Amino acid sequence: MRWPATVAVLVLATLSGFARPARAAPVVTWSACPEDAQVECGKMRVPADWSSPYGPSIELQMARRKATDPAHRLGVLIVNPGGPGGSAVNMALDGDFTAELRKRFDIIGLDPRGVGRSTPVLCAQSLVDAKPSPLVGSEAGFRALAAYNRRLHDDCTARSGPVVDHADTGSVVRDVEALRVALGESRISIFGASYGSLIGELYGDTYPATLRAVVLDSVMDHSVDVDAFLAQETASVQDSFNEFVKWCARDVRCVLRGQDIPALWAALMRRAQAGTLVDPYDPPAKLGVWELISAAFSAFYDPQWFSFAHYLQDAAEPAKATGRSATPPVDITPNSFPAVFCGDWSLPVGDFTAYRRRIDALGKIAPQVKASPIALSAAAGCVGWPHPPAGPQRRLAPARMPMLLVNALHDPATGHAWAQQTAAQLGPSARLLTYQGWGHVAYSHSPCVKAAVERYLVDLTLPAPGASCPAVQPEPFGIG
C-alpha cells in the first residue's frame, strides 16, 4: 500500500523531529490600567516574524475603553495616532473621541510592534543624538551617513532584538488580525491617523471581509516612488510656509506683521548655514539649516503660527529670548522611526551624486523650506540600512466597502494630493472629505470633521461627493 505523498512527508518529518504542533492562537490577558481604572490594559504575544511562527515572540500591549452603552454596542474600534512612533495606548486612554463613539464602540489602542509599550525599539541616546544631517554635502559625508545607519541598526537590534527587522506595517496588520481573532469579533472598525492610516489601508487590502468601517485621517499614499515621495512631501511643507506668511499678513496679532517674512527667513537660513544662528530657546547652542527647517515643520503641525512667529522674532533678535533649561541626558531612548520606515518603503536614492541632485531639485520646489524634514529623514535614514523593506510600496486594490478619507487642504506632513491619489486607488467606494484649513490630523481641528467621522462610523453614511469642512482659524497658545 502506497501512502499519499503528503502523508509520507508528514510521517518523515515527524520521525525526523521536524513536525511541531500548531502554536496556540494569541490570547489577550486583561487587567485595569494603572493610569485609569475605567480602562483595561491588555497583553498579547505574537511571533516577531510572522513567516516564522515557531521563532522568537514579542509582547504587544493595548488599552481598551469599553462601550458605555453595551446594549447599543457596534463592536470594536481600533485606533492609531500615527508617527510612526505614536502610542495607540495613550490614544485610547486620552483620545478626544465623541461621546457617541464612546457609547457605541469598545475603543482599543494597540501599540504597534516596536512602539510605546509593545516591545519598543530602544537605541543608545548618544548614538541617536549623533544622527548626521540629511543635507549631506560631500561624498565622505554620504559614506558616513550609510555607516551611521548600519551602526544604529546594529545598536538598536542588540538592545531590542528581532523586532527591529520586523517593525513593518504589514506585520502590524497581521497583529491587528490576530487581535480581532483573539477578541472573537467577526468584523472590526479602524480609525487610523497620519502614519496610522497605512494600517487601515493595508488591513482593508489584506482582510476586506473582516473590516466593517475604516477612517483614514491625514492619508499616506503608499504607492509613490522615491522621487514622488520626496517631491510631494516637500511641496506640502512649502505650502504650509506660504500659508503661515499669508496668515501673518492678515492677523494683527502676528508679531511679524508688516515684515518681509521670506526675507527674514532667508537671513536666518544664511546665519544657520554659517553656524552663527543661536537657538533662541536654548542659548548658546547653535541652529543649523536642518534644525531651522525642522522647527518650521513642527510648528506647522497644529499649526502653531503665533508661537512660531515669536520664535522667528527671537531668533532674529536673540537678546529677547528667555532660554530654557537643558534636558538631562539618558542612556537609551525609543527610536522606532527608521525601523518602521525602512521596513515599509523602498527609497533608493542612488550614490552621492544622485542623492545631492535630488536634494537640489527639492530646493527648486520649495525655495524657503528646501525639503520635507520627515521625508528626507526617512530617505536618508534608509541609506545603508542592512535589512531590505518587508512591505515596499504598491497600489491598493479597489475598496470592497465604503471607506472615509479625511485630509486638511494644507497639511505639512501628508499633503492633500496623497489623499486624492489614495482615494483614486480605492475607487468609487471611497469618499474624500476635505478640511479646508491647516495642520495635521483634521479630526483634532474641525468639529465638522468630527461629526462626519462619527456619522460614518456609527451608521456607515459617507459625506456627499466633493464635500468639505470649513477652515477653523488657529488661536494662540504656547507663547513664551
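Whatever comes next refers back to the structure up there.
Attention here is on the structure that accompanies the text. None of these values were measured; they are calculated from a predicted model.

Rules of the game
Residues numbered from 1 in each chain as written. Predicted model: local features only at pLDDT ≥ 70, side-chain atom pairs only at ≥ 80, totals over all residues. Heavy atoms only, no water. Phe/Tyr/Trp six-rings, centres within 6.5 Å; stacked < 30°, edge-to-face > 60°. Helix = DSSP H or I, 4+ residues; strand = E, 2+ residues; numbered from the N terminus. Buried < 20%, exposed > 50% of the residue type's maximum accessible area, 1.4 Å probe, protein only. Core = buried A, V, L, I, M, F, W, Y, C linked by side-chain atoms within 4.5 Å. Contact = heavy atoms within 4.5 Å. 1 Å grid on protein atoms, 1.4 Å probe; cavity = no way out; pocket = protein on both sides within 12 Å on 5 of 7 lines; lining within 4 Å. Points joined across faces, edges and corners; volume = space filled by probe spheres on them. Nonpolar A, V, L, I, M, F, W, Y, C, P; charged D, E, K, R; others polar. Disulfide = S-S within 2.5 Å.

## Notes on the packing of aromatic side chains
Aromatic ring pairs are described here by two measures, namely the spacing of the ring centres and the angle between the planes.
And step 1. Enumeration over the complete set of coordinates arrives at 24 aromatic pairs.
And step 2. Summarising the aromatic geometry, the rings of Phe142 and Tyr355 are spaced 5.3 Å apart at their centres and angled 40 degrees between planes, so their arrangement reads as tilted. Residue Phe142 is found in helix H5 (residues 139–160), and its partner Tyr355 is found in helix H13 (residues 352–365); the two are separated by 213 residues along the sequence.
And step 3. Given the relative accessible area of 9%, Phe142 is considered buried.
And step 4. Ring centres of Trp247 and Phe306 lie 4.8 Å apart, and the angle between their planes is 70 degrees; on these two criteria the pair is classed as edge-to-face. On the criterion of sequence distance, the pair formed by Trp247 in helix H8 (residues 226–250) and Phe306 in helix H11 (residues 305–316) is long-range, its members being 59 residues apart. The residues Trp247 and Phe306 share a single accessibility class, namely buried.

## Details of the nonpolar core
And step 1. By size, the foremost hydrophobic cluster in this structure holds 108 residues, and its most contacted members are Phe191, Phe229, Met403, Leu405, Val449, Val453 and Leu457.
And step 2. Setting aside residues up to four positions removed in sequence, Leu405 forms contacts with Leu216, Val219, Ala419, Thr422, Ala423, Leu426, Ala430, Arg431, Leu432 and Leu433.
And step 3. Judged by nonpolar contacts, the second largest core, of 35 residues, contains Leu256, Phe306, Ile374 and Ala413.

## Some words on empty space enclosed by the protein
And step 1. A complete count under the given rule lists five cavities of 30 Å³ or more for this structure.
And step 2. Put simply, the largest cavity is a space of about 120 Å³.
And step 3. In terms of lining, the largest cavity is formed by 14 residues, of which the most central are Pro84, Pro112, Tyr195, Ile199 and Val340.
And step 4. Within the lining of the largest cavity, the residues separate by chemical class into eight nonpolar, five polar and one charged.

## Overview of the state of the cysteines
And step 1. Inspection of every chain in the model, using the stated rule, returns five disulfides.
And step 2. Linked covalently through their sulfurs, Cys33 and Cys41 form a disulfide whose S-S length is 2.0 Å. Residues Cys33 and Cys41 are joined by a disulfide whose S-S torsion is about 110 degrees; by sign, that bridge is right-handed. An identical accessibility class is assigned to Cys33 and Cys41; each is buried.

## Details of unusual backbone geometry
And step 1. Along the chain, Gly83 connects to Pro84 via a cis peptide bond; the corresponding omega equals -5 degrees.
And step 2. Structurally, Pro84 can be placed in the loop between strand S4 (75–80) and helix H2 (88–94).
And step 3. A cis amide bond links Pro283 with the next residue in sequence, Pro284, at an omega value of 5 degrees.
And step 4. Considering the arrangement of structural elements, one finds Pro284 in the loop between helix H9 (261–274) and helix H10 (289–299).
And step 5. Unusually for a residue other than glycine, Ser218 sits at a positive phi of about 65 degrees.
And step 6. Relative to the elements of secondary structure, Ser218 occurs in the loop between strand S8 (211–217) and H8.

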